[in-house]
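Residue-level structural notes
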Amino acid sequence: MQVYGLVGNPVGHSLSPPMHEAAYEATGVDARYVTFEPELSAIEAAITGADALGIAGLNVTIPFKQDVLELVDPDPLAERIGAVNTIDFGPDGPVGYNTDAAGVTRALERHGVELDGSAAVVVGAGGAGRAAAFALADAGSSVHIANRTPAKAEELASAVPGATGGGLDTLDRIHDADILVNATSVGMEAPDETPVPASYLHADLAVLDAVYTPIETRLLREAADAGAVTVDGAWMLLLQGVEAFEVWTGLDAPVEAMNTALRSHLS
Ligand code: ATR
């Protein structure tokens, strides 16, 4: 039996265990998925120990995604993003991936959104914003990053091919955009809050909200009212997990089984 898991602090409410265990059940992979919550100072010991114990793979979440970069051999995309959310423990040691990026592109593509040649606005320049900006640029979108702290958006934009960055006063770029990604935490556990005023939303837009608590955010409600395509944050969570399962097992992930398990735990 293989052991996979999630390393973070805290990890108590994670939806990854039911999602991955549903995938093992659907494919007949003999594995378990467990959560680990090391002390903040113990992440290096945790990764070394996991490798020594023969753990097959780990997801990594807040606050360790940046720290583990130097503890693994990162693939080029994870290195550019500067964060690892998936570790595969192979014969040559731990290899790091960032499947959050694929979570963004696969979620949009699954809803029929054409990425190549599109114009995208990413709101937020933290971990989720970095993954979204690189993923969309690599898929052929021209990316604008708007962030509350403009310097962070400008710094990220300088690393992302063809991207521009600015403060929230540049949200008017959404008027001419095809894709809007909320990569801030605005709206999380706050159904009345939105990162983007409704006046910017329009019918030619696809809106992906990384927030999935609640599953129907104010941003997505107002986007639907404006006639936009809406993609909720559970798709991003699901499809980063799908990508991680595929990295670890080399199998096609049972997306429907994972989606059903995930959504049964969300309201
Ligand atoms: P994550 O890893 O989930 O992206 P993060 O790195 O803490 O989390 O980044 C949070 C993002 O949400 C940042 O872009 C942050 O903006 P700042 O860089 O200015 O801090 C953004 N954010 C958080 N609260 C916000 C708010 N009330 N209004 C606008 N942006 C907000």
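Residues numbered from 1 in each chain as written. Predicted model: local features only at pLDDT ≥ 70, side-chain atom pairs only at ≥ 80, totals over all residues. Heavy atoms only, no water.

**Side note on the overall build of the protein**
To be explicit about the condition: Here a strand is any run of E in DSSP of at least two residues, a helix any run of H or I of at least four, and the numbering for each starts at the N terminus. A radius of gyration in this sense is built from C-alpha atoms; the matching globule rule multiplies 2.2 Å by the number of residues raised to 0.38. Note on exposure labels: buried denotes an accessible area under 20% of the residue type's maximum, exposed denotes more than 50%, and partly exposed covers the range between, all computed with a 1.4 Å probe on protein chains only. Areas reported as accessible are Shrake-Rupley estimates using a 1.4 Å probe. Residue values count occlusion only from the protein chains shown. The convention is simple: Lys and Arg are positive, Asp and Glu are negative, and His and the chain ends are not counted. A charge is said to be at NZ when it belongs to Lys, at CZ for Arg, at CG for Asp and at CD for Glu.
Secondary structure assignment for the protein yields 9 helices and 12 strands. The globule rule puts the C-alpha radius of gyration for 267 residues at 18 Å, and the 18 Å found for the protein is close to it. By residue count, 51% of the 267 residues in the protein fall in the buried class. About 11600 Å² of surface is accessible on the protein, with carbon and sulfur atoms providing 49% of the total. With 12 positive and 38 negative side-chain charges, the protein shows a separation of 5 Å between the mean positions of the two kinds.

**Re the pairing of strand S7 (residues 119-123)**
For clarity, the cut-off: Each pair of strands is called paired provided DSSP finds at least two bridges between the two strands. If the strands point away from the viewer and the path from the first strand over the helix to the second runs clockwise, then the crossover is right-handed.
S7 sits mainly inside the fold: 4 of its 5 residues count as buried. Sheet analysis places S7 next to strand S8 (residues 142-146), joined by 5 bridges and oriented parallel. Across the sheet, residue Val121 finds its bridge partner in S8, namely His144. Following the chain from S7 across helix H5 (residues 127-138) to the adjacent parallel S8, one finds a crossover that is right-handed.

**Some points on the pattern of salt bridges**
As a reminder, the rule being used: Between Lys or Arg on one side and Asp or Glu on the other, a salt bridge is scored when a side-chain nitrogen of the former is within 4 Å of a carboxyl oxygen of the latter.
One pass over the full model with this rule turns up 9 salt bridges. Here Arg106 makes a salt bridge to Glu243, at a shortest N to O gap of 2.6 Å. Taken together, the residues Arg106 in helix H4 (residues 99-110) and Glu243 in helix H8 (residues 233-249) connect sequence positions 137 residues apart. Across the salt bridge formed by Arg110 and Glu256, the nearest N and O atoms sit 2.9 Å from each other. With Arg110 in helix H4 and Glu256 in helix H9 (residues 255-264), the pair connects residues that are 146 residues apart, well separated along the chain. A relative accessible area of 47% means that Glu256 is categorised as partly exposed. Taken together, the salt bridges that share partners define one network made up of Arg106, Glu243 and Glu246.

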